[in-house]
Amino acid sequence: MVKVEIERPMCISCGNCIDNCPEYFEFADDGFSTLKGGERVGDNDELEIKEAGCTLDAESSCPVSIIHVYE
Ligand code: SF4
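As the structure is a prediction and not an experimental result, all values here were calculated from the model.

This part covers the overall build of the protein. For the protein, the helix and strand inventory stands at 2 helices and 6 strands. When the elements of the protein are put in sequence order from the N terminus, they spell out β-α-β-β-β-β-α-β. Relative to its length of 71 residues, the protein is compact, with a C-alpha radius of gyration of 10 Å against a globular reference of 11 Å. Along the first, second and third principal axes, the C-alpha set of the protein runs to 30 × 25 × 20 Å. In the protein, which comprises 71 residues, the share counted as buried stands at 41%. When contacts within the protein are restricted to residue pairs at least 6 apart in sequence, those whose partners lie at least 24 apart make up 60%.

This is the structure we're talking about:
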């Protein structure tokens, strides 16, 4: 399994993750990125998926490096 995490309080709402991986990322009502089908753990979003796929592109495109993909 692959675990994806966003440290949401540091999101600057640039939209790169959503452009690169709309399958898993979207803006929440508060304007920060969120993981589709993910779970809120403290201030972070977490999601477990089978294969990393485009989440690696989201991780590398985030200008503030708050997306983490653990394979
Ligand atoms: S790429 Fe990073 S800073 Fe930009 S919207 Fe996504 S999580 Fe937020």
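Picking up after the structure, the text goes on.
A few words on unusual backbone geometry. Outside of glycine, negative phi angles account for most residues, and trans bonds account for most peptide bonds. The backbone phi angle of serine 13 is positive, close to 60°, even though this residue is not glycine. Along the chain, the position of serine 13 falls in the loop between strand S1 (2-7) and helix H1 (16-20). One non-glycine residue, serine 65, lies in positive phi territory at about 50°.

Read across the open sheet, the 4 strands follow the order S4-S5-S1-S6; overall the sheet is antiparallel. Here the strands that pair on one side only, and so sit at the sheet edges, are strand S4 (39-41) and strand S6 (67-70). On average, adjacent strands in this sheet sit at an angle of 25° to one another, irrespective of strand direction. In this structure, S4 lies alongside strand S5 (residues 44-49), joined through 3 bridges in antiparallel fashion.

What counts, and where the lines are drawn
Residues numbered from 1 in each chain as written. Predicted model: local features only at pLDDT ≥ 70, side-chain atom pairs only at ≥ 80, totals over all residues. Heavy atoms only, no water. Helix = DSSP H or I, 4+ residues; strand = E, 2+ residues; numbered from the N terminus. Rg over C-alpha atoms; globule rule 2.2 N^0.38 Å. Buried < 20%, exposed > 50% of the residue type's maximum accessible area, 1.4 Å probe, protein only. Contact = heavy atoms within 4.5 Å. Pairing = 2+ DSSP bridges. Axes fitted to C-alpha atoms, helices over the stretch in contact; angles between N-to-C directions.

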